[in-house]
Structure formats: structure tokens, C-alpha cells
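# Breakdown of the fold
Spelled out from the first residue to the last, the chains are:
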Amino acid sequence: MGDLAVGARSGHEGPEDRPGRSGEPGVDAVADGTTPGSDAVGGDGNGDGGATREQEPEQPKKKHRSFWKELPLLVGIALVLALLIKTFLVQAFSIPSDSMQNTLQQGDRVLVDKLTPWFGSEPERGEVVVFRDPGHWLDGEPTPDPNAIQRVLGWVGLMPSADEKDLIKRVIGVGGDTVECKGTGPVKVNGKALNEPYVFAGNTPCSVDDQGGQFKVTVPKGKIWVMGDHRQNSLDSRYHQKQPGGGAVPVDNVVGRAIVIAWPPTRWATLPKPDTFDQPGINALSSAAPGVLGVAGAVPLVLWRRRRLTVAAARAARVSGGSTAG
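All values reported here derive from a predicted model rather than from experimental measurement. (Residues numbered from 1 in each chain as written. Predicted model: local features only at pLDDT ≥ 70, side-chain atom pairs only at ≥ 80, totals over all residues. Heavy atoms only, no water.)

Below, the discussion takes up the nonpolar core. Looking at soluble globular proteins, one finds that nonpolar side chains tend to be buried together. Within the largest apolar cluster, 16 residues are counted, with the highest numbers of intra-cluster contacts made by I172, V179, V187, L194, F215 and W225. Residue assignment for this core shows that the elements contributing at least two residues are β5 (178-181), β8 (215-218) and β9 (223-227). Those residues in contact with V187, other than ones at most four positions away along the chain, are I172, V179, E180, C181, K192, A193, L194, E196, P205, C206, M227 and R231. Judged by nonpolar contacts, the second largest core, of 13 residues, contains V112, I168, V255 and I261. (Core = buried A, V, L, I, M, F, W, Y, C linked by side-chain atoms within 4.5 Å. Buried < 20%, exposed > 50% of the residue type's maximum accessible area, 1.4 Å probe, protein only. Helix = DSSP H or I, 4+ residues; strand = E, 2+ residues; numbered from the N terminus. Contact = heavy atoms within 4.5 Å.)

Here you go:
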């Protein structure tokens with residue numbers, strides 16, 4: 001019996017039943033005391049744990065784009081935003097001359113509000129505005145010659161554009177106003193004298209000359225009358241009265257209102273409307289206009305009513321006379 005048992009064992013011996021020998025299947029499992037498919041190799045007790053793990057696909061790792069590859073996209077977005085802001089919201093302008101001293105100095109950078117005109121807002125007295133040349137105001141002025149980078153930055157609004165023929169002045173009168181200046185001043189708007197603390201120190205509000213410094217004009221509707229704060233160093237509306245438009249600037253030429261000095265940092269300041277333009281009575285003519293129109297409209301109505309009463313009275317008299325005669 002024992003021989004039979006031993007013979008049977010030796011006769012049916014398989015690779016998995018033989019003691020482990022180097023290079024044979026199953027050797028490592030038997031050698032370390034574990035069985036194939038056990039938890040020791042990550043199985044679930046069914047003998048297929050190892051195969052299941054090997055069949056799971058590996059998740060690809062997300063690759064992040066480098067900063068230098070994203071930089072052109074970021075620059076493109078920034079340029080588009082700058083162009084939209086320049087076109088519809090705010091634009092920077094450089095002050096090229098001393099005509100607005102001391103409010104503005106040559107070399108200052110101002111930010112101009114271009115949004116409110118889109119909603120129908122028109123320039124008001126006292127505001128500092130940027131406007132396109134209404135015609136030959138800049139004749140003889142030197143033309144800047146920017147490089148390629150400055151042109152691109154100017155086009156998108158990151159720098160003042162050298163190609164735009166723009167001026168900056170203060171609004172003194174609007175459509176319908178009568179503006180006058182005699183002697184050395186003061187300037188009067190609709191008969192009200194202006195107190196102008198913004199005028200350059202040492203200047204007089206009016207210029208005593210025969211070129212336009214002495215004037216009295218009524219500003220046409222849809223236009224504005226502008227003057228520089230450095231009165232004796234500003235070729236403004238006064239000195240273009242002989243040109244088309246009589247020195248007044250069309251409202252449509254106004255780019256926007258200068259709201260703040262943005263550069264240099266030591267010059268940072270807002271540009272509010274002076275109180276002198278809020279004094280009582282300066283709008284007297286404008287406020288009286290509806291009353292004048294009302295009276296003008298009422299006169300024909302009164303005359304028509306009186307005529308009807310007269311005709312009615314005459315008819316009544318004729319009827320009465322006929323009855324008596326009969």
C-alpha cells in the first residue's frame with residue numbers, strides 16, 4: 001500500500017506539485033509560502049487578482065501648457081480688451097503744449113471718458129474736453145514721428161496716438177449762450193461774470209488784442225465755445241472766428257471729457273467742473289425760453305378768440321336791429 005501510494009504520487013507529479021526549482025512555474029509562490037491568487041498578491045480569493053490588476057488601463061496624466069506657449073494668447077486677449085476700452089470707455093491722451101497751464105502741464109497723461117457721449121451726454125460749461133480739429137486749428141504744428149511699437153500701442157490705446165489730430169480745452173459756453181470778453185475781463189456768460197481760479201497765474205481772463213481777444217459771440221446750437229486756461233498762450237475759439245464755424249466747435253467733434261490726470265504719479269488729480277459755472281442766473285436765458293415760447297404761442301390764440309367774440313357780437317346786433325325794424 002505504501003509503495004502504491006508513493007508510486008502514485010511520483011507517477012502523477014506535476015509542475016505545481018514538485019518542490020520548487022529555479023526557472024519553473026509556480027516556484028516563487030510555493031517558495032514564499034503563498035498560493036496563487038491569494039491576498040498576498042492582491043487577489044480577491046478567486047485566483048485572478050493579479051490578472052485583473054494588469055488589465056486595468058492606466059489613466060493618462062494631464063499635461064499643463066507652458067507659460068511661454070500661453071503668453072501669445074494672453075497678450076492677444078489683453079490687446080483686444082485694450083482696443084475695446086479705448087474705443088468705447090476710456091482713452092489716454094498726452095498734453096503736447098502749455099495752453100492749459102496750470103491745470104495741465106506739458107507731458108501730462110489724462111484719461112478721457114468716452115462712454116457718456118454714447119448715451120447722449122453733451123459737454124457742459126467748465127468741463128475739460130478733448131475734441132478733433134474742427135478745421136485748420138493745428139496747421140503749422142509739428143507732427144510727431146513715433147516708432148512701430150509706439151504706433152501699435154497708440155492704436156490699441158495703451159499710449160496716446162500720434163496720428164489723431166486732437167485738442168484739449170475748457171468749455172466756456174454751450175449752444176445758445178452769449179459769451180463775451182472786454183478789456184482784461186472778466187469773461188461773461190449770459191451776462192454773468194465768471195470767477196476763474198483755474199486761469200494761469202499772471203494771466204488776465206481776457207487778452208487785449210485785435211486778433212480775437214476782445215469778443216462777443218452767441219454760440220450756435222450743437223456747438224461749444226472753448227478757451228485754454230493759459231489765456232495768453234492758447235489759440236482757442238477766440239482766434240478762429242474768421243474760419244468756418246466762427247471758432248465754435250461742433251459737439252460731434254468732441255471725443256470725451258478729461259476726468260483725471262493719470263501720469264506722472266506726482267501729478268495725479270481729478271478734473272472737476274468749477275463751481276463758477278453753477279452760479280444762479282447763468283442759465284437764465286435758457287430757463288426763460290419756455291416762457292417766451294409759451295407767450296408767443298398764446299398771443300395768436302387770444303387774438304383768435306377776440307375775433308370770434310367780435311364777430312358773434314356783430315351778428316347779434318344785426319339780428320336785434322332786424323327785429324326792431326319789423
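The structure having been displayed, the exposition proceeds.
Moving on to the state of the cysteines. Under the criterion given, the structure shown has one disulfide. Paired by a disulfide, C181 and C206 hold their sulfur atoms 1.3 Å apart. On the S-S bond that ties C181 to C206, the torsion sits near -90°, and the link is left-handed. Linking C181 in strand β5 with C206 in the loop between β7 (192-193) and β8, this pair joins segments that are 25 residues apart in sequence. Each member of the pair C181 and C206 is classed as buried. (Disulfide = S-S within 2.5 Å.)

In this structure, the second largest pocket encloses a volume near 180 Å³. If you go around the second largest pocket, you meet 14 residues; those closest to its centre are T116, P117, S121, E122 and P123. Looking at the lining of the second largest pocket, the element that brings in the most residues is strand β11 (residues 254-263), giving three residues. Here the lining of the second largest pocket is composed, by residue class, of five nonpolar, three polar and six charged. (1 Å grid on protein atoms, 1.4 Å probe; cavity = no way out; pocket = protein on both sides within 12 Å on 5 of 7 lines; lining within 4 Å. Points joined across faces, edges and corners; volume = space filled by probe spheres on them. Nonpolar A, V, L, I, M, F, W, Y, C, P; charged D, E, K, R; others polar.)

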